[in-house]
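A look at the structure
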Amino acid sequence: QVQLVESGGGLVQPGGSLTLSCTASGIRFSINIMAWYRQVPGKERELVAVLSSGGITNYADSVKGRFTISRDNARNTVYLRMNSLKPEDTAIYYCNGGATFRTAGPYWGQGTQVTVSS
């Protein structure tokens, strides 16, 4: 059984930073493309960042230069470092496994809430 568990969400002021973590089990983590998506009520889920097993990354234009996706294969964990946070970054952030650079993979975490507000 594949399980992805996110953590690290919370409330942060605009301009602040936050790091999300996603720990995977039940998959060969080191060979999987991992991704972060986010979703706000009434809107469709959008891709935030993707990271291949070889370290190739792709980011949504809205987060380029502010967010960094990384992975620690020894810990089966993917991270999303979010800097210079804006209110429009407020969303539920979801970890996704088995993705491609264009489509989501079949494995999803339950999500972690990120709220950017003063």
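In case you missed it, the structure is sitting above this.
Okay, so let's go over this structure. Computed from a prediction, not measured in an experiment: that's the story for all the values here. (Residues numbered from 1 in each chain as written. Predicted model: local features only at pLDDT ≥ 70, side-chain atom pairs only at ≥ 80, totals over all residues. Heavy atoms only, no water.)

1. Here we look at the packing of aromatic side chains
Within this structure, the stated rule accounts for 2 aromatic pairs. Relative to Trp108, the ring of Tyr37 lies with its centre 5.1 Å away and its plane at 65°, an arrangement referred to as edge-to-face. Of this pair, Tyr37 sits in strand β4 (residues 34-39) while Trp108 sits in strand β10 (residues 107-108); the two residues are 71 residues apart in sequence, bridging distant segments of the chain. Aromatic pair Tyr94 and Trp108: ring centres 6.3 Å apart, planes at 85°, arrangement edge-to-face. Taken together, the positions of Tyr94 in strand β9 (residues 91-97) and Trp108 in strand β10 put the pair 14 residues apart, joining distant regions of the chain. (Phe/Tyr/Trp six-rings, centres within 6.5 Å; stacked < 30°, edge-to-face > 60°. Helix = DSSP H or I, 4+ residues; strand = E, 2+ residues; numbered from the N terminus.)

2. Details of unusual backbone geometry
For Asn76, which is not a glycine, the phi torsion comes out positive at approximately 50°. Even without being glycine, Ser84 reaches a positive phi, approximately 50°. Note that Ser84 resides in the loop between β8 (77-82) and β9.

3. Some details on the sheet that holds strand β3 (residues 18-25)
If you trace the 4 strands from one edge of the open sheet to the other, you get β1-β3-β8-β7, paired in antiparallel fashion. With partners counted over all chains shown, the strands left at the sheet margins are β1 (3-7) and β7 (67-72), one partner each. Strand after strand, the sheet turns through a mean of 15° between neighbouring axes, direction not considered. Pairing of β3 with β8, which is carried by 6 bridges, proceeds in the antiparallel orientation. When the bridges of β8 are listed, Ser21 appears paired with Tyr79. (Pairing = 2+ DSSP bridges. Axes fitted to C-alpha atoms, helices over the stretch in contact; angles between N-to-C directions.)

4. Looking at the state of the cysteines
Working definition of a disulfide: a covalent bond connecting the sulfur atoms of two cysteines. With the rule as written, the count across this model stands at 1 disulfide. A sulfur-sulfur distance of 2.0 Å marks the disulfide that ties Cys22 to Cys95. Handedness of the Cys22-Cys95 disulfide follows from its S-S torsion of about -80°: it is left-handed. Of this pair, Cys22 sits in strand β3 while Cys95 sits in strand β9, placing them 73 residues apart in sequence. On the basis of relative accessible area, Cys95 is assigned to the buried category, the value being 0%. (Disulfide = S-S within 2.5 Å. Buried < 20%, exposed > 50% of the residue type's maximum accessible area, 1.4 Å probe, protein only.)

The analysis is restricted to geometry; functional conclusions fall outside its scope.
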